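Inside the fold
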Amino acid sequence: LFVQAFLRPDPLAIAREMERVSDAGGRAARARTLRGALADVRVQIAFATLAISQFVMIATTSTSPVYLHDQGHSVQTIGLAVSLHLGGMYVTSPLSGWLSDRFGRLPMIVLGAVVLIGAVIVAGLAPGSARALIILALFVNGVGWNLAFVAGSALLTDALSPAERASIQGFADLVLGMMGALGSTAGGMILGVWGFAILNAVGAALVLGPLAATLFRRLALPSISASGSPPSS
């Protein structure tokens, strides 16, 4: 209801108008193959951001109810922790979108990675009895994921022509689903063998990958503006 009432202008209407103008202006750009699209630096950064942040977020939070239960916390505490984490995942979406438009996709990917790393470090180092601190870390974990996810998704859209978006974004969704499943499985195994602190340490180390790639590859993308730029035809 909120989206229906306040989402103005409708993105679908904008997309249709852009397509109409593009069709009227000349020949539409040919869609690249998946291999060709993946050779684009922007697509590489977007895929790495989406895949790793999804894996780390799922791995470190899907296991948190088990960890909290093992530490003697009540069902009410576990429910509150999960609810606030889910809230952090989605309630910041409008802010993440505005920040991505205002300051650019790559800075927000970096910010999301830094926030996510900070969250898993705090969760891993906090004593098991520190109820409030763990809940806060789980909430911030969701916020970091949201920043990275929104900025990464926007960067992926910027890098693709309209003819490429359905197939490449569909492939990205498939990868995200697989990383979520893998994250749940790996998170449970790591928690069972090495514990919650090691699980979060592994998560922080993994996020360093796309963070470093974004920082270094950003030098190769001087033309990306705050709102991104579509590939030339």
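We now turn to the structure provided with this report. Predicted model only: the values in this text are computed from it and were never measured.

On to the packing of helix α4 (residues 41-62) against helix α8 (residues 105-125). Relative to each other, α4 and α8 sit at 20 degrees, their axes nearing to 11 Å. Comparing the axis directions of α4 and α8 gives the class roughly parallel. Here α4 and α8 pass one another in a crossing that is left-handed. Contacts from I45, T49, S53, V56 and T60 in α4 reach L106, I109, L116 and V120 in α8. Classifying every residue of the contact of α4 with α8 gives six nonpolar, three polar and no charged.

Right, let's get into the nonpolar core. Of all hydrophobic cores here, the largest spans 36 residues; its most connected members are F47 and L156. When residues of this core are traced back to their parent elements, those giving at least two are α4, α8, α9 (131-159), α10 (162-193) and α11 (196-217). Residues within four places of F47 in sequence aside, it is in contact with L38, L156, I168, F171, A172 and V175. Membership of the second largest hydrophobic core comes to 16 residues, among which are A130, I135, A137 and L138.

Right, let's talk about the packing of aromatic side chains for a bit. Summed over all chains, the structure comprises six aromatic pairs. Centre to centre, the rings of F47 and F171 are 5.8 Å apart; their planes meet at 35 degrees, and the pair counts as tilted. Remark: F171 occurs in helix α10 and F47 occurs in helix α4; sequence separation between them is 124 residues. Given a relative accessible area of 30%, F171 falls into the partly exposed group. On the numbers, 4.8 Å between centres and 25 degrees between planes, the contact of W145 with F149 is stacked. Taken together, the residues span about one helical turn, with W145 and F149 both in helix α9 at a distance of four residues. Since its relative accessible area comes to 24%, F149 is described here as partly exposed. An aromatic cluster is defined as three or more aromatic residues linked by ring pairs; in this entry it consists of Y90, W145 and F149. R102 extends its terminal NZ or CZ atom over the ring of F103, reaching a point 5.0 Å from the ring centre.

Calculation notes
Residues numbered from 1 in each chain as written. Predicted model: local features only at pLDDT ≥ 70, side-chain atom pairs only at ≥ 80, totals over all residues. Heavy atoms only, no water. Axes fitted to C-alpha atoms, helices over the stretch in contact; angles between N-to-C directions. Helix = DSSP H or I, 4+ residues; strand = E, 2+ residues; numbered from the N terminus. Parallel < 35°, antiparallel > 145°, perpendicular 65-115°, else oblique. Left-handed = near helix turned anticlockwise from the far one by under 90°. Contact = heavy atoms within 4.5 Å. Nonpolar A, V, L, I, M, F, W, Y, C, P; charged D, E, K, R; others polar. Core = buried A, V, L, I, M, F, W, Y, C linked by side-chain atoms within 4.5 Å. Buried < 20%, exposed > 50% of the residue type's maximum accessible area, 1.4 Å probe, protein only. Phe/Tyr/Trp six-rings, centres within 6.5 Å; stacked < 30°, edge-to-face > 60°. Lys NZ or Arg CZ within 6 Å of the ring centre and 35° of its normal.

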